[in-house]
Amino acid sequence: MEENKKPKIAFALGGGGALGIAHIGALQVLHEAGIEPSLVVGTSVGACMGAYYALGHDLKKLEDEVVRASHRWALRQLIDVSLLRGALLKGKKLESFLIRLVGDQPFSKTKMPVIAIATDLATGDAVVLRRGRLIPALLASSAVPGIFPAVKMGKKYLIDGGVVCPTPIEYALAEKPDLVIGIDLFYRRNIKLDRQPKLAETLTLAYEIMRTQGDLARTCVASPKVICIKPEFKQLNVVSNFRFDDGMAYIKAGRKAATEALPYIKEKLAILAKDNRVGVVKNG
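Residues numbered from 1 in each chain as written. Predicted model: local features only at pLDDT ≥ 70, side-chain atom pairs only at ≥ 80, totals over all residues. Heavy atoms only, no water.

Draft legend 1. How the structure looks around helix H5 (residues 92-102). Of all the positions in H5, only Leu 94, Leu 98, Leu 101 and Val 102 are classed as buried. When H5 is viewed along its axis, its buried side chains cluster within an angular range of 70° and face the same direction. H5 presents Lys 92 and Arg 100 as exposed residues on the side facing more than 90 degrees away from its buried surface. (Buried < 20%, exposed > 50% of the residue type's maximum accessible area, 1.4 Å probe, protein only. Helix = DSSP H or I, 4+ residues; strand = E, 2+ residues; numbered from the N terminus. Arc of directions from axis to C-beta.)

What follows is the structure, encoded as structure tokens:
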């Protein structure tokens, strides 16, 4: 019998490019409510945000930087065009940006376990990354097909985890937590194309179609252990995932969705706390 055992909470942070800024607002609400995870699992931008959070960096500082950002800033920080490496961008600027964001740290330096999800380009299998240096794992998890080059790790070439797992709830459940709080940026949209799309637009839409055609049930797994926060975004267009100049709108969307989910989260945690006070008998 165990008494007063603190519930094990896992955060599952989804991918979505610039829409991932919404994670800031959602994480702020959870932090302000005293809801702290035992581990963080992230896909793509969710992995980057998860690493930032798990290293103990200041969310308000990140919010201030995002709010000051402009579309031109994003171009300077992330865009290094190259058609010679099988992708539109080299990815070196993204690597430099991530190093500035989280530092060149190993997974072992985080205050709680962090897991990044990527995709094996050869097999299509999800790859769980949890050891070694953070930066290569974050780059692999964020390597949007055609936009950023695949990342070689061992004998594998890895691309964006969102190809097979937009929101890594099932991988958070695999860690056997008492509760998974997912932040899901996945959405369906119909774009009206009245002209020939540009290269970046074509690649972006193709990636979104891949995500949509995947098993949507995997986005928010139907489980009593899962509560999913789903920010709503207005006026989305074909390049919304790559526009960083409306950060405050995304942050507000994250805060609103998390605030609406908070009563359900607190209710679930109260039930878990009550169960633990009574005592849980484990077989074996």
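Draft legend 2. Spotlight on the environment of Lys 60. Tracing the backbone through its elements, the reader meets Lys 60 in helix H3 (residues 59-68). Exposure remark for Lys 60: the relative accessible area of 43% places this residue in the partly exposed category. Taking C-alpha positions, Lys 60 is 8.1 Å from Gln 28, a pair spaced 32 residues apart along the chain.

Draft legend 3. The pairing of strand S6 (residues 156-160), seen in detail. Taken together, the 3 bridges between strand S3 (residues 114-120) and S6 define a ladder with antiparallel strand orientation. Bridge pairing in S6 places Ala 118 opposite Asp 160. As judged from the 3 bridges shared by strand S5 (residues 151-153) and S6, these two strands associate in the antiparallel manner. Bridge pairing in S6 links Lys 152 to Tyr 157. (Pairing = 2+ DSSP bridges.)

Draft legend 4. Here's a closer look at the packing of helix H2 (residues 45-54) against helix H6 (residues 134-141). In contact at an axis separation of 8 Å, H2 and H6 are set at 150° when each is read in the N-to-C sense. The pairing of H2 with H6 is recorded here as roughly antiparallel in orientation. From H2, Ala 47, Cys 48 and Ala 51 reach across to H6, where they touch Leu 134, Leu 138 and Ser 141. Taken together, the residues of the contact of H2 with H6 sort by class into 5 nonpolar, 1 polar and no charged. (Axes fitted to C-alpha atoms, helices over the stretch in contact; angles between N-to-C directions. Parallel < 35°, antiparallel > 145°, perpendicular 65-115°, else oblique. Contact = heavy atoms within 4.5 Å. Nonpolar A, V, L, I, M, F, W, Y, C, P; charged D, E, K, R; others polar.)

Draft legend 5. View of the nonpolar core. Core analysis: the biggest nonpolar cluster contains 69 residues, and Phe 11, Ile 35, Ile 181, Ile 229 and Ile 265 have the highest contact counts within it. No other element matches the 10 residues that helix H9 (residues 247-278) contributes to this core. Apart from residues no more than four positions distant in its own chain, Ile 35 is found in contact with Ile 9, Phe 11, Leu 30, Tyr 53, Ile 181, Leu 262, Ile 265 and Leu 269. By size, the runner-up hydrophobic cluster in this structure holds 13 residues, among which are Ala 12, Leu 39, Val 164 and Tyr 171. (Core = buried A, V, L, I, M, F, W, Y, C linked by side-chain atoms within 4.5 Å.)

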